[in-house]
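Listed below are the residues making up each chain.
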Amino acid sequence: MSQNNVLKGVFLVALGATTYGMLATFVKMAYAEGYTTAEVTTSQFVLGIIGILLINTFQKIKHKENVVKATSKNIFNLMLAGTSLGMTSLFYYLAVKFIPVSIGIVLLMQTVWMGVLLEMILEKKLPSKQKVIAVFIVLLGTVLATNIINNDIKLDWRGIAWGIMAAASFTTTMFTANRVATEISSAQRSLYMLLGGAIIVFSFAFATQVTPFNLEIFMKWGIVLSLFGTIIPPMLMNAGFPLTGIGLGSIVSALELPVSVMMAYILLNEKVIFLQWVGIVLIILAIIIMNVNFKTKK
């Protein structure tokens, strides 16, 4: 693989991670204007599905017979996997409703140790020392980044619970997304996973929306949320990861963490102390440790 392709992949993954890192801040801003979680998630998924449909249509016209069509089994498996995508959005958005965005993104990053645990269960083997060290660093970083050792800071337990649930569902999404129907295009996979996620999101909206649905959300925040949450990041990352490889791509995608915190600091005026930045750096360091091969060739 040429150096130019690797650099291109790094750029694409970095841009995708940066874009996704801005999402929670926009959700928080939508909340400040009185929109509900049901309105936020519904508008994001409806417009996201329309956007991905247009991309799929364009690809079919451009490539014609070269596009591998999804089978009914592919569609079912992808929609089933997509339910965890819908739950991730719901849980994450519910989390930032009760806690600062800077804390919410740190809780979402618990996918690092959850992924190691899930891998251990599925593959029935103990993780390497490298991964165990990374997990301990993540846990230490989380204690610092959430600032729970400061008695003056009281975090809403509902936000913590939703944040942990978001991390658990995101872990499931990451594992299934890279294993289900990989023979079809990323645009098709994104579409069917979004449709699966939409079932969860629409069910939640139907069950919880007690006031008339404010359709203004579609034009006010829906376009931004769908672009930054369901269209741009997955397309960029699906294009970038094959060029960087999983290891380097995972390291670069960790940019999502500092970007999310910086956006919350700038646009929401959330207070982030030095100790929290130390915790964030530790979490990024753990991701690097997990994905770098320290073995030297003889």
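Residues numbered from 1 in each chain as written. Predicted model: local features only at pLDDT ≥ 70, side-chain atom pairs only at ≥ 80, totals over all residues. Heavy atoms only, no water.

### What to know about the overall build of the protein
Reasoning step 1: What the protein contains, in helices and strands, is 13 helices and zero strands.
Reasoning step 2: Shown N-terminal to C-terminal, the secondary structure of the protein runs as helices and strands in the order α-α-α-α-α-α-α-α-α-α-α-α-α.
Reasoning step 3: By the compact-globule yardstick of 19 Å for 298 residues, the protein fits well, its C-alpha radius of gyration being 19 Å.
Reasoning step 4: By principal-axis analysis of the C-alpha atoms, the protein measures approximately 60 × 55 × 35 Å.
Reasoning step 5: With 298 residues in all, the protein has 48% of them scored as buried.
Reasoning step 6: Put simply, of all contacts in the protein between residues at least 6 apart along the chain, 89% involve residues at least 24 apart.
Reasoning step 7: In the form shown here, the protein has an accessible surface area of approximately 15300 Å², with 69% of it arising from carbon and sulfur atoms.
Reasoning step 8: Averaging the coordinates of the 21 positive side-chain charges in the protein and doing the same for the 11 negative ones gives two points 12 Å apart. (Helix = DSSP H or I, 4+ residues; strand = E, 2+ residues; numbered from the N terminus. Rg over C-alpha atoms; globule rule 2.2 N^0.38 Å. Buried < 20%, exposed > 50% of the residue type's maximum accessible area, 1.4 Å probe, protein only. Contact = heavy atoms within 4.5 Å. Areas by Shrake-Rupley, 256 points an atom, 1.4 Å probe, with all protein chains shown as cover. Lys, Arg positive; Asp, Glu negative; His and termini not counted. Charge placed at Lys NZ, Arg CZ, Asp CG, Glu CD.)

### Here we look at unusual backbone geometry
Reasoning step 1: Phi at Asn 269 takes a positive value of approximately 60 degrees, unusual for a residue other than glycine.
Reasoning step 2: In this fold, Asn 269 is placed in the loop between helix H12 (256-267) and helix H13 (274-291).

### With respect to the packing of aromatic side chains
For any pair of aromatic rings, the description consists of the separation of the ring centres together with the inter-plane angle of the planes.
Reasoning step 1: Taken as a whole, this structure holds five aromatic pairs when the rule is applied.
Reasoning step 2: A ring pair is formed by Tyr 92 and Tyr 93, whose centres lie 6.3 Å apart and whose planes are at 40 degrees; its orientation type is tilted.
Reasoning step 3: On the basis of relative accessibility, which here comes to 3%, the residue Tyr 92 falls in the buried class.
Reasoning step 4: Here Tyr 93 falls in the buried class, since its relative accessible area comes to 1%.
Reasoning step 5: Through a chain of ring-to-ring contacts, three or more aromatic side chains come together here, namely Phe 26, Trp 221 and Phe 228. (Phe/Tyr/Trp six-rings, centres within 6.5 Å; stacked < 30°, edge-to-face > 60°.)

### As for the pattern of salt bridges
Reasoning step 1: Applying the stated criterion across every chain, the model contains two salt bridges.
Reasoning step 2: Where Asp 156 meets Arg 158, a salt bridge forms, and the shortest distance between an N and an O atom there is 2.8 Å.
Reasoning step 3: Classification of Arg 158 by relative accessible area gives partly exposed; the value is 37%. (Salt bridge = Lys/Arg side-chain N within 4 Å of Asp/Glu carboxyl O.)

### Description of the confidence of the model for the protein
Reasoning step 1: Across the protein, the average pLDDT comes to 85, with 92% of residues at 70 or higher.
Reasoning step 2: When mean pLDDT is compared element by element in the protein, helix H2 (residues 23-32) scores highest at 93, while helix H11 (residues 246-253) scores lowest at 72. (pLDDT = per-residue confidence, 0-100.)

### A closer look at the side chain of Ser 84
Reasoning step 1: Its location among the elements puts Ser 84 in helix H4 (residues 72-98).
Reasoning step 2: Not counting the four nearest positions on each side in its chain, Ser 84 is found in contact with Ser 169, Thr 172, Thr 173 and Thr 176.

### With respect to the nonpolar core
Reasoning step 1: In terms of nonpolar packing, the biggest core is built from 56 residues, with Val 40, Tyr 92 and Ile 105 touching the most fellow members.
Reasoning step 2: Grouped together as the second largest cluster of nonpolar side chains are eight residues, Ala 70, Ala 81, Val 180 and Met 193 included. (Core = buried A, V, L, I, M, F, W, Y, C linked by side-chain atoms within 4.5 Å.)

### Side note on helix H5 (residues 101-108)
Reasoning step 1: Buried residues dominate H5, accounting for eight of its eight residues.
Reasoning step 2: Looking at H5, one finds that the buried residues are Val 101, Ser 102, Ile 103, Gly 104, Ile 105, Val 106, Leu 107 and Leu 108.

### A closer look at a nonpolar patch on the surface
Reasoning step 1: Judged by side-chain polarity, Met 262, Tyr 265, Ile 266 and Leu 267 come together as a nonpolar surface patch covering roughly 380 Å² of accessible area.
Reasoning step 2: Structurally, Leu 267 can be placed in helix H12.
Reasoning step 3: Given a relative accessible area of 41%, Leu 267 falls into the partly exposed group. (Patch = residues over 30% accessible without salt bridge, like charges linked within 9 Å, V, L, I, M, F, W, Y side chains within 5 Å.)

### Some thoughts on the packing of H5 against H12
Reasoning step 1: Across the interface, H5 lies against H12 with an axial gap of 8 Å and an inter-helix angle of 165 degrees. Judged by the angle between their axes, H5 and H12 are roughly antiparallel. Crossing of H5 against H12: the hand is right-handed. Each of Val 101, Ser 102, Ile 105, Val 106 and Leu 108 in H5 lies in contact with H12, whose residues at this interface are Glu 256, Leu 257, Ser 260, Val 261 and Ala 264. (Axes fitted to C-alpha atoms, helices over the stretch in contact; angles between N-to-C directions. Parallel < 35°, antiparallel > 145°, perpendicular 65-115°, else oblique. Left-handed = near helix turned anticlockwise from the far one by under 90°.)

### Looking at the environment of Pro 127
Reasoning step 1: Its place among the elements puts Pro 127 in the loop between helix H6 (111-123) and helix H7 (129-145).
Reasoning step 2: Put simply, Pro 127 and Lys 8 are 119 residues apart on the chain and 32 Å apart in space, counted from C-alpha to C-alpha.
Reasoning step 3: If we skip the residues at most four places from it in the chain, Pro 127 touches Val 116, Met 120 and Val 132.

### Some words on helix H10 (residues 216-244)
Reasoning step 1: Taking 1.5 Å per residue, 29 residues should reach 42 Å; H10 reaches 40 Å between its end C-alpha atoms and fits that length.
Reasoning step 2: At Gly 222, H10 shows its maximal kink, close to 55 degrees. (Expected span 1.5 Å × (residues − 1). Bend = angle between axes of the 7 residues up to and from the residue.)

### As for the packing of H4 against helix H9 (residues 186-208)
Geometrically, a packed helix pair is captured by the angle between its two axes and the distance between the axes.
Reasoning step 1: Orientation of H4 relative to H9, taken along the N-to-C sense of each, is 50 degrees, at an axis distance of 6 Å. Between H4 and H9, the crossing angle belongs to the class labelled oblique. As H4 runs across H9, the sense of the crossing is right-handed. Between H4 and H9, the residues in contact are Ile 75, Leu 78, Met 79, Ala 81, Gly 82, Thr 83, Leu 85, Gly 86, Met 87, Leu 90 and Leu 94 and Arg 189, Tyr 192, Met 193, Leu 194, Leu 195, Gly 196, Gly 197, Ile 199, Ile 200, Val 201 and Phe 204, respectively.
Reasoning step 2: Of the residues belonging to the contact of H4 with H9, the class tally is 16 nonpolar, five polar and one charged. (Nonpolar A, V, L, I, M, F, W, Y, C, P; charged D, E, K, R; others polar.)

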